[in-house]
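Results of the structural survey
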Amino acid sequence: MLFRSEGVVREREGLPTPEEIIFEPALVDEVRSVVGERGWSVERVLPCTPLQEAMLAASELSTGDEGDEGAYVNRVLLDLKVGVEQVEDAWREMVKRHEILRTCFVRAGHARYAFCQVVLGGFSHESEVVDVADAAGVEGVMRKGVNWQAEGGEYKPPYSLTYIRVGGGMKLVLAMHHALYDGFAMEILYEEMEAWMGGTGGELGEAVSFAPFLRYMTGVDGERADAHWREIGRAS
């Protein structure tokens, strides 16, 4: 596997450092500076997958002049049966366990990768509790925007947790950009949160990093792969 570091292409063993995956040190330093202005440190600067880039680009194209969030920000409304602080404790642990929940997106200015994903160091999520009178109030909270912008934004993970106190009960609106997750990942996240709140969080295994997959992805010879599948298509 070949990685770029300090302008020299070389072979490395083991998990690559952020600078070694694709981006030149100058770009990584620039990203660190931009994100640092918002008060965060940087653990990793990684390329995005093609699917992530497609969703981020679609979000940019569908963002209106008034700054609405565009496409691919999804929401789920959860009816809580436990206290807010229990959920908050579990979410804080998930943020520690999973890099993707500490990840924001920044324009890369790279010939091959338009965006990079930046794992933030020292990140702690924010949430809020709001009171509403009825279902219409809940709907209003559901329409609350999420800042995901990869340029000129807040440079923080594009999701939000909003607790709604309504009718004597408590609900949670989890809004998240689709570039952070898929259905399988959310299922794992819910299961781990339930385990943590149920007192069995200590039995969870080590979280799987996204970096090894990205390492594989960046080493794929795209032209060779396309030729392979074209040949299969002709044979069928």
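As shown above, the structure is provided for reference.
Turning next to the overall build of the chain. Regarding its fold elements, the chain presents 8 helices and 9 strands. Within the chain, the fraction of its 236 residues that count as buried is 40%. A fraction of 69% describes how many contacts in the chain between residues 6 or more apart in sequence connect residues 24 or more apart. Summing over all exposed atoms, the chain offers an accessible surface of approximately 12,900 Å²; the carbon and sulfur share of this is 52%.

Quick look at the side chain of E53 now. Relative to the helices and strands, E53 resides in helix α3 (residues 50-62). For the buried E53, no salt bridge exists, and the shortest N-O distance to an oppositely charged side chain is 7.9 Å, to R107. In terms of polar contacts, E53 uses its side chain to reach the backbone amide nitrogen of A114, at 2.8 Å. If we ignore the near neighbours within four places in the chain, the residues touching E53 are C48, R112, Y113, A114 and F115.

Time to look at the sheet that holds strand β3 (residues 41-47). On the basis of which strands lie adjacent, the open sheet formed by 3 strands has the order β3-β6-β5 and antiparallel pairing. The sheet is open, and its two borders are formed by β3 and β5 (103-107), each paired with just one other strand. Taking each pair of neighbouring strands and ignoring which way they run, the sheet shows an average axis angle of 35 degrees. The pairing of β5 with strand β6 (residues 115-121) spans 5 bridges and is antiparallel. Counted as the bridge partner of T103 is V119 from β6. Here α3 sits on the sheet and contacts β5 and β6; the angle it forms with β6, its principal contact strand, is near 100 degrees.

A side chain of one charge can pair with a side chain of the opposite charge when the charged atoms of the two come close. A full pass over the atoms with the stated rule returns 14 salt bridges. One salt bridge in this structure joins K171 and D79, with 3.8 Å as the shortest N-O distance. Here the residue K171 occupies a position in strand β9 (residues 169-177), and D79 occupies one in strand β4 (residues 73-79), the gap between them amounting to 92 residues. By relative accessible area, K171 is classed as partly exposed at 24%. Since its relative accessible area comes to 44%, D79 is described here as partly exposed.

So, about the sheet that holds strand β7 (residues 127-131). In spatial order, the strands read β4-β9-β8-β7; together these 4 strands make up an open sheet with mixed pairing. This sheet does not close on itself; its edge strands, each paired only once, are β4 and β7. Put simply, the sheet's adjacent strands are angled 20 degrees from each other on average, direction ignored. Across the sheet, helix α4 (residues 84-97) touches β7, β8 (159-166) and β9, and the angle it forms with β8 is around 175 degrees.

Bringing the packing of α4 against helix α6 (residues 183-197) into the picture now. One can describe the packing of α4 onto α6 by two numbers: an axis separation of 9 Å at closest approach and a directional angle of 125 degrees. By the angle between their axes, α4 is oblique relative to α6. Seen along the crossing, α4 lies across α6 with a hand that is right-handed. Counting all contacts with α4, which are made through Q86, V87, D89, A90, W91, E93, M94 and R97, the residues of α6 involved are L189, E192, M193, W196 and M197.

Within the element layout of this structure, Q149 appears in the loop between α5 (135-142) and β8. Taking the C-alpha atoms as reference points, Q149 and C104, separated by 45 residues in sequence, lie 9.0 Å from one another.

The next point concerns unusual backbone geometry. With a phi close to 70 degrees, Y72 is a non-glycine residue in the positive phi region. Y72 sits in the partly exposed class, given a relative accessible area of 36%.

Further remarks concern a nonpolar patch on the surface. Taken together, F213, Y216 and V220 make up a surface patch of nonpolar side chains, about 310 Å² in accessible area. Relative to the helices and strands, Y216 is located in helix α7 (residues 211-219). Take Y216: its relative accessible area is 55%, and that puts it in the exposed class.

What counts and how
- Residues numbered from 1 in each chain as written.
- Predicted model: local features only at pLDDT ≥ 70, side-chain atom pairs only at ≥ 80, totals over all residues.
- Heavy atoms only, no water.
- Helix = DSSP H or I, 4+ residues; strand = E, 2+ residues; numbered from the N terminus.
- Buried < 20%, exposed > 50% of the residue type's maximum accessible area, 1.4 Å probe, protein only.
- Contact = heavy atoms within 4.5 Å.
- Areas by Shrake-Rupley, 256 points an atom, 1.4 Å probe, with all protein chains shown as cover.
- Lys, Arg positive; Asp, Glu negative; His and termini not counted.
- Salt bridge = Lys/Arg side-chain N within 4 Å of Asp/Glu carboxyl O.
- Polar contact = N/O pair within 3.5 Å; in protein donor to acceptor, adjacent residues only side chain to side chain.
- Pairing = 2+ DSSP bridges.
- Axes fitted to C-alpha atoms, helices over the stretch in contact; angles between N-to-C directions.
- Parallel < 35°, antiparallel > 145°, perpendicular 65-115°, else oblique.
- Left-handed = near helix turned anticlockwise from the far one by under 90°.
- Patch = residues over 30% accessible without salt bridge, like charges linked within 9 Å, V, L, I, M, F, W, Y side chains within 5 Å.

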